[in-house]
Amino acid sequence: MKHIGRTKIVQILTLTDFGIEVNVKGWVRTKRGNKQVLFIALNDGSCIHNLQIVVEPDKFDEHLLKRITTGASVSFNGTLNKSNGSGQAVEILASEIEILGDCDVDKYPLQPKRHSLEFLREIAHLRYRTNTFGAIARIRHAMVFAVHQFFTQKGFVNIHTPIITSSDCEGAGEMFHVTTLDFNNLPLTEDGTINYNEDFFGKQTNLTVSGQLEGELAAMAMGDIYTFGPTFRAENSNTSRHLAEFWMIEPEMAFADLNDNMDLAEEFLKFLIKQALIGCEDDLLFLSNRLKEEEKDKKEEERSMELIEKLKFVHSNDFVRLTYTEAIAILKDSKYNKNGKFKYNITGFGNDLQSEHERFLVEKHFKKPVILTDYPKGIKSFYMKLNDDNETVRAMDVLFPQIGEIIGGSQREENYDKLVARMNEMGIPSHDMQWYLDTRRFGTAIHSGFGLGFERLMLFITGMSNIRDVIPFPRTPKNAAF
RNA sequence: UCCUUAGUAGCUCAGUUGGUUAGAGCGGCGGACUGUUAAUCCGUAGGUCGUAGGUUCAAGUCCUACCUGAGGAGCCA
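This section reports on the structure supplied with the text.

About the criteria used
- Residues numbered from 1 in each chain as written.
- Chains lettered and ligands numbered in written order.
- Predicted model: local features only at pLDDT ≥ 70, side-chain atom pairs only at ≥ 80, totals over all residues.
- Heavy atoms only, no water.
- Near = heavy atom within 4 Å.
- Polar contact = N/O pair within 3.5 Å; in protein donor to acceptor, adjacent residues only side chain to side chain.
- Helix = DSSP H or I, 4+ residues; strand = E, 2+ residues; numbered from the N terminus.
- Nonpolar A, V, L, I, M, F, W, Y, C, P; charged D, E, K, R; others polar.
- Buried < 20%, exposed > 50% of the residue type's maximum accessible area, 1.4 Å probe, protein only.
- Lys, Arg positive; Asp, Glu negative; His and termini not counted.
- Salt bridge = Lys/Arg side-chain N within 4 Å of Asp/Glu carboxyl O.
- Contact = heavy atoms within 4.5 Å.
- Pairing = 2+ DSSP bridges.
- Phe/Tyr/Trp six-rings, centres within 6.5 Å; stacked < 30°, edge-to-face > 60°.
- Lys NZ or Arg CZ within 6 Å of the ring centre and 35° of its normal.
- Patch = residues over 30% accessible without salt bridge, like charges linked within 9 Å, V, L, I, M, F, W, Y side chains within 5 Å.
- Areas by Shrake-Rupley, 256 points an atom, 1.4 Å probe, with all protein chains shown as cover.
- Charge placed at Lys NZ, Arg CZ, Asp CG, Glu CD.
- Disulfide = S-S within 2.5 Å.
- 1 Å grid on protein atoms, 1.4 Å probe; cavity = no way out; pocket = protein on both sides within 12 Å on 5 of 7 lines; lining within 4 Å.
- Points joined across faces, edges and corners; volume = space filled by probe spheres on them.
- Core = buried A, V, L, I, M, F, W, Y, C linked by side-chain atoms within 4.5 Å.

A look at the protein's contact with RNA strand B
Logical step 1: Close to RNA strand B lie 52 residues, the nearest being Arg121, Thr239, Gln354, Ile406 and Arg456.
Logical step 2: Close to the protein, within 4 Å, the atoms of RNA strand B belong to sugar or phosphate groups at a rate of 54%.
Logical step 3: Within the backbone of Glu405, a nitrogen or oxygen atom sits 2.7 Å from a sugar or linking oxygen of RNA strand B.
Logical step 4: Only strand 1 (21–33), helix 3 (117–122), strand 11 (245–254), helix 11 (355–366), strand 15 (404–411) and strand 16 (447–453) provide two or more residues apiece to the surface near RNA strand B.
Logical step 5: Residues of the surface near RNA strand B, tallied by class, amount to nine nonpolar, 26 polar and 17 charged.

Side note on the side chain of Lys310
Logical step 1: The residue Lys310 is located in helix 8 (residues 307–316) in this model.
Logical step 2: Within the buried set, Lys310 has no salt-bridge partner at all; the shortest N-O distance to an opposite charge, 9.1 Å, is to Glu295.
Logical step 3: Apart from residues no more than four positions distant in its own chain, Lys310 is found in contact with Met305, Phe460 and Gly463.

Re the sheet that holds strand 7 (residues 164–165)
Working definition: the strands of a sheet are paired by backbone hydrogen bonds and lie parallel or antiparallel to each other.
Logical step 1: Here three strands make up an open sheet; going across it, the order is 7-9-8 and the pairing antiparallel. Two strands close off the open sheet at either side, each with one partner strand: strand 7 and strand 8 (177–178).
Logical step 2: Across two bridges, strand 8 lies against strand 9 (residues 205–207) in antiparallel orientation. Of the residues in strand 9, the one forming a bridge with Val178 is Thr205.

What about the side chain of Asn195?
Logical step 1: In this fold, Asn195 is placed in the loop between strand 8 and strand 9.
Logical step 2: Non-local contacts of Asn195, meaning those with residues more than four positions away in its chain, are made with Pro187, Leu188 and Thr189.

Examining the packing of aromatic side chains
Note on aromatic pairs: each is described by the distance of the centres and the angle between the planes.
Logical step 1: With the rule as written, the count across this model stands at 22 aromatic pairs.
Logical step 2: Centre to centre, the rings of Tyr324 and Tyr375 are 5.7 Å apart; their planes meet at 40°, and the pair counts as tilted. In this pair, Tyr324 sits in helix 9 (residues 324–333) while Tyr375 sits in strand 13 (residues 370–376), placing the two residues 51 residues apart along the sequence.
Logical step 3: Taken together, the aromatic side chains of Phe150, Phe151, Phe156, Tyr226, Phe268, Phe271 and Phe450 make up a single cluster linked through ring pairs.
Logical step 4: In this structure, Lys310 is placed above the aromatic ring of Phe460, and the distance from its NZ or CZ to the ring centre is 4.3 Å.
Logical step 5: Taking the ring centre of Tyr436 as reference, the NZ or CZ of Arg440 above it sits at 4.4 Å.

Thoughts on a positive patch on the surface
Logical step 1: On the surface, a cluster of positive charge is contributed by Lys341, Arg359, Lys364 and Lys367.
Logical step 2: Inspection of the secondary structure puts Lys367 in the loop between helix 11 and strand 13.

Examining the state of the cysteines
Logical step 1: For the structure on display, the rule yields zero disulfides.
Logical step 2: In this structure Cys47 is not part of a disulfide, and its nearest cysteine sulfur, from Cys280, lies 13 Å away.

Considerations on the layout of surface pockets
Logical step 1: What the second largest pocket holds in volume is close to 860 Å³.
Logical step 2: Taken together, 30 residues form the lining of the second largest pocket, with Ser304, Met305, Glu363, Pro401 and Gln402 sitting closest to its centre.
Logical step 3: Residue assignment for the lining of the second largest pocket shows that the elements contributing at least two residues are helix 7 (281–295), helix 8, helix 11 and helix 14 (454–462).
Logical step 4: Tallying contributions element by element places helix 8 first for the lining of the second largest pocket, with four residues.
Logical step 5: Grouping the constituent residues of the lining of the second largest pocket by class yields 12 nonpolar, five polar and 13 charged.

Thoughts on empty space enclosed by the protein
Logical step 1: A complete count under the given rule lists two cavities of 30 Å³ or more for this structure.
Logical step 2: Its volume calculated, the largest cavity comes out at about 80 Å³.
Logical step 3: Together, Arg127, Tyr128, Phe133, Ile136, Ala137, Arg140, Asp469, Val470, Ile471 and Pro472 line the largest cavity.
Logical step 4: Its residues assigned to classes, the lining of the largest cavity shows seven nonpolar, no polar and three charged.

So, the nonpolar core
Logical step 1: Grouped together as the largest cluster of nonpolar side chains are 90 residues, with contacts concentrated most on Ile53, Ile97, Met143 and Leu284.
Logical step 2: If you tally residues by element for this core, the top one is helix 6 (residues 258–279), at 11 residues.
Logical step 3: The residues touching Leu284, leaving out its near neighbours within four places in the chain, are Ile139, Ala276, Leu277, Leu307, Ile308, Leu311 and Ile461.
Logical step 4: Core analysis: the second largest hydrophobic core is formed by 30 residues, Val370, Tyr383, Leu419 and Val420 among them.

Notes on the pairing of strand 11
Logical step 1: Within strand 11, eight of the 10 residues are buried, leaving the element largely enclosed by the surrounding structure.
Logical step 2: Pairing geometry for strand 10 (residues 224–232) and strand 11, over nine bridges, is antiparallel. Residue Pro230 lies in a different strand from strand 11, and its bridge partner there is Trp247.
Logical step 3: Bridge count for strand 11 against strand 16 is five bridges, and the pairing is antiparallel. Paired with Glu252 across the strands is Gly449, a residue of strand 16.

Details of the pattern of salt bridges
Logical step 1: Under the definition given, this model contains 25 salt bridges.
Logical step 2: Between Arg67 and Asp102 there is a salt bridge, with the nearest N and O atoms lying 2.8 Å from each other. Pair noted here: Arg67 is in the loop between helix 2 (62–66) and strand 4 (73–82) and Asp102 is in the loop between strand 5 (90–101) and helix 3, with a separation of 35 residues, a long-range link.
Logical step 3: For Arg67, a relative accessible area of 37% translates into the label partly exposed.
Logical step 4: Within the structure, one salt-bridge network assembled from shared partners comprises Asp263, Glu266, Lys270, Asp318 and Arg321.

Okay, here's the thing in structure tokens:
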């Protein structure tokens, strides 16, 4: 086969200098045709679109053409032609064909037909080869890039916080233990408990559930920082919006209060949405059509807003900001509450908000994203700044339609004595956390930050409904395949 | 973890009050067709009905347990 440098399909589709010789490599999606002409739809992952390869069967060995099956990887040399068909502008008339990797159609699970997302989840190692998961992968990359772009433009410093941590009081759920001890021969202390002095780090260690505490340390020197790393929660959560391993973005700003925090969160989310709209048009359009197809049997009122329209709407409208106390008042006075439509009735201050309440506020009452602030101290973490009322803390949750809590954050308690008092109140061992308390001991300053669940952002951007479909290899209870 | 629901061909599903030999569409394979777009048309192969027990003359269908998926709840990002 004559050597011609490979051109990616995304590039080929923009070319207009017909007649030139090109080489393309990719995976076959479909093959159809007759004795006179064959059409091959080729995809190389560079974009959602396939390239049409035209093959004149009499010019090639019959056995070679037989090996061009769905899933096979193939290299084509050929001329760039203006397409006669209506589905595409350009196509390649093949002059040379090389099969790079055969694909046994009897064993290859992907067929040239629609597959359910549940089935594709079982073959997650191959699902990138579908339009849907290819689109999601490209959008995910665009969003990763946009996160770094946003913070870089604003002068934030990226901090790599530890993945293995010895603190067990980050207040964010069950942790995975990290150890090199032999489970069949555990070293014990005199009183029969496990002797962690003999473990790798000489103490009990876990996978991180949040980079926030270390992020605060960095912010108290660098000013504005952000983390973007893997996060692990050993909760037995089986829902469409929880993962045991997920990616979280946690900015932390010195000299910033809760209003600055809310401003940053809103600006950040809108920037990400804008970048998706600008850079991922084709993929979003594909996902939008996929969603429409999926919902076509639903009743009008049950259908979700068209994907791109939804992104534009959130981008161009201010988020509603209100306090927990105001939210409770709205919920308490709502017809829903009075007619007993909530499973959990709202009676007044102190009620924890359930999913149904958050959803009511976002999807029914305001019909746009809502930032709830100033929750009762009893239902929030120890490090959140206590308000003067001594009852509420400067917490904020950003609530999105369908997804619920996409961001959780707060202004931090910067006063040493108040922080220690809160830790004692909530049973957090402050003597193990002197490193954290030192920031309040030496040159303390007000500061604020939040955590954005990256996969929850991906749910919103892609319109997918299960979080297991927006991360390549989902880790959930009883599932760590691939 | 709890509640609800489902598991039948490679995939998506139908299968009536328990009753003879378990069906369809798509996909595969074979054939037809001079430009197709998830091509079309004709033909064809393909099944331990999630697993293990139980009830019954008889179980895909009823009962029990377990496994797995989905939706919802809690926890949260």
